Amino acid sequence: MKEKILKLLLKKEGYLSGEEISNELGVTRTAIWKNIQKLKTMGYVIDSVTNRGYKLVSQPDLIGKMSVRQYLETNEIGNEILFFDEVGSTNVMVKKMAEEGANHGLVFISERQTAGRGRRGREWISPRGNCYFSILLRPDLLAEKASMLTLVSALAVAKAIRNLTGLEAQIKWPNDIVLNGKKICGILTESSTDLEFVNYIVVGIGVNVNQKEFTEDLDEKATSLWLELSDEINRGKLIATILQEFEYYYIKFIQNLNLSFLKDEYNSLLVNVGREVKMIEKNKERICKAIGIDEDGSLLVENEKGIREAIISGEVSVRGLYSYV
Ligand code: BTN
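Just so you know, these numbers come straight off a predicted model, no measurement behind them. (Residues numbered from 1 in each chain as written. Predicted model: local features only at pLDDT ≥ 70, side-chain atom pairs only at ≥ 80, totals over all residues. Heavy atoms only, no water.)

**Some points on the sheet that holds strand β10 (residues 276–281)**
Reading across the sheet, the five strands line up as β13-β12-β11-β10-β14 and stay open at both edges, with antiparallel pairing between neighbours. Since the sheet does not close on itself, it has two edges, and those belong to β13 (308–311) and β14 (317–320), each with one partner. Strand-to-strand twist in this sheet, taken as the mean axis angle between neighbours without regard to direction, amounts to 45°. Of the pairings in the sheet, the one linking β10 to strand β11 (residues 284–293) comprises six bridges and is antiparallel in character. Residue pairing across strands places Val277 opposite Cys288, the latter belonging to β11. (Pairing = 2+ DSSP bridges. Helix = DSSP H or I, 4+ residues; strand = E, 2+ residues; numbered from the N terminus. Axes fitted to C-alpha atoms, helices over the stretch in contact; angles between N-to-C directions.)

**Remarks on helix α9 (residues 235–256)**
Each full turn of the α-helix corresponds to 3.6 residues, which orients residues three or four apart in the same direction. Look at α9: 31 Å from first C-alpha to last across 22 residues, which is about the 32 Å you get at 1.5 Å a residue. Its side-chain oxygen placed 3.0 Å from the backbone nitrogen of Gly236, Asn234 serves as the N-cap of α9. Two residues or fewer after α9 comes Leu257, characterised by a positive phi angle close to 60°. (Expected span 1.5 Å × (residues − 1). Polar contact = N/O pair within 3.5 Å; in protein donor to acceptor, adjacent residues only side chain to side chain.)

**Quick look at the pairing of strand β9 (residues 197–207)**
For β9, the tally of buried residues reaches nine of 11 residues, placing the bulk of the element in the interior. In terms of strand pairing, strand β5 (residues 131–137) meets β9 through seven bridges, oriented antiparallel. Directly across from Cys131, in β9, lies its bridge partner Val207. For strand β8 (residues 182–194) and β9, the ladder comprises 10 bridges, and the chain directions are antiparallel. When the sheet's bridge partners are listed, Ile187 is paired in β9 with Ile205. A loop of two residues connects β8 with β9, the two strands running antiparallel in sequence, and Leu195 in this loop sits at a positive phi of about 50°. (Buried < 20%, exposed > 50% of the residue type's maximum accessible area, 1.4 Å probe, protein only.)

**Brief notes about the site of the ligand**
Neighbouring residues of the ligand: 20 residues in total, closest Ser89, Gln113, Arg117, Arg119 and Lys183. Taking Gln113, its side chain carries an N or O atom lying 3.0 Å from a nitrogen atom of the ligand. Here an oxygen atom of the ligand sits 2.6 Å away from a polar atom, N or O, in the side chain of Lys183. Compared with its free state, where it exposes 420 Å², the ligand has 99% of that area covered by protein. Of all the elements in the fold, those that place two or more residues in the shell around the ligand are α5 (90–99), β5, β8 and β9. Tallying contributions element by element places β8 first for the shell around the ligand, with four residues. Residues of the shell around the ligand, tallied by class, amount to six nonpolar, 10 polar and four charged. (Near = heavy atom within 4 Å. Areas by Shrake-Rupley, 256 points an atom, 1.4 Å probe, with all protein chains shown as cover. Nonpolar A, V, L, I, M, F, W, Y, C, P; charged D, E, K, R; others polar.)

**Digging into the environment of Thr150**
Along the chain, Thr150 falls in helix α6 (residues 148–165). Here Thr150 falls in the buried class, since its relative accessible area comes to 9%. Expressed as a C-alpha distance, the spacing of Thr150 and Val107, which sit 43 residues apart in the sequence, is 16 Å. Once you skip the residues sitting within four places of it in the chain, Thr150 turns out to touch Asn175 and Thr189. (Contact = heavy atoms within 4.5 Å.)

**A closer look at the environment of Glu111**
Relative to the assigned elements, Glu111 resides in strand β4 (residues 107–113). Judged by relative accessible area, Glu111 falls into the buried class, the value being 6%. In the structure, Glu111 is positioned 165 residues away from Glu276 in sequence and 38 Å away in space, judged by C-alpha atoms.

**Description of a negative patch on the surface**
A contiguous patch of negative charge, built from Glu213, Glu216, Asp217, Asp219 and Glu220, is present on the exposed surface. As for its position among the elements, Asp219 is in helix α7 (residues 216–219). (Patch = residues over 30% accessible without salt bridge, like charges linked within 9 Å, V, L, I, M, F, W, Y side chains within 5 Å. Salt bridge = Lys/Arg side-chain N within 4 Å of Asp/Glu carboxyl O. Lys, Arg positive; Asp, Glu negative; His and termini not counted. Charge placed at Lys NZ, Arg CZ, Asp CG, Glu CD.)

**Observations concerning the nonpolar core**
Phe133, Ile177, Ile205 and Tyr266 are the most contacted members of the largest nonpolar core, which has 66 residues in total. For this core, the element with the most residues is α6, which contributes 11 residues. (Core = buried A, V, L, I, M, F, W, Y, C linked by side-chain atoms within 4.5 Å.)

**As for the pairing of β13**
Taken together, the four bridges between strand β12 (residues 299–302) and β13 define a ladder with antiparallel strand orientation. For Val301, the partnering residue across the bridge sits in β13 and is Glu309. Here β12 hands over to β13 after five residues, with Gly306 in that stretch at a positive phi of 80°.

As structure tokens, this is what we get:
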């Protein structure tokens, strides 16, 4: 009920009368008043004026279940949302729940992580104020196609950040999101396979949102939405927007089973296009020119001899010549 009232208040610019809410939800005005009181104790500032009704003035900076749900209009992703204040890693939690039979579309959010995991076994430092969440997927998919979902997720996050903030988020192949050359989001996709099929996939997304400073070693290559905008971002709305974009591209991916449908859009946001990149493969480095992705999600590059090669994600790491991108 609280959730439904919030959704109505959010849609209304001015005051919404108790009668309108009561007609819309089919509950008594006393029940509405009680739920408004509960929302107030949770940190929502709601103005109530006799004869006019209620107006949502501000929301607490929390990413509880409700703060995401009130903005969410998906059909499968986020059907179940779990929220924790602190866990080791949301990916680890979701993998455990997947083994115990959790459903496709589950989203697990945590305010902070004590053992956040990055790609290549690295740590993902996860203080309060940012977004950390993992999505459980159970597609009918060949195991060899699972890595494509990494690129699907990257496009969804970049689009969500662009739509919500107007910032020109770009993608560093295969799935880092960058703003002004610095990393703003990392995605860790982990899958469990059975013979040649996918059992389940966990897409873990970490976005630097309201973080105001980074340690010296990260300062050069990491940024946050707050640092780029000088403004707080509603994290519930951000997660909902990402889930919405994710569902849109995910459904298309499952229909196509390759990335031809998003190749052009992905390449238009790819920060590496046309640039010389350093390719690091088992301690060996070489310089190539990046062209864009193909329909499998491999990065097409032109090598030293001008010959085209397709680089498969996970095997090579790509860096800019002088900086992170
Ligand atoms: C990277 O190295 O770029 C990937 C970072 C992925 C971090 C996210 S935060 C939510 C989810 N849980 C984890 O432990 N990791 C991912």
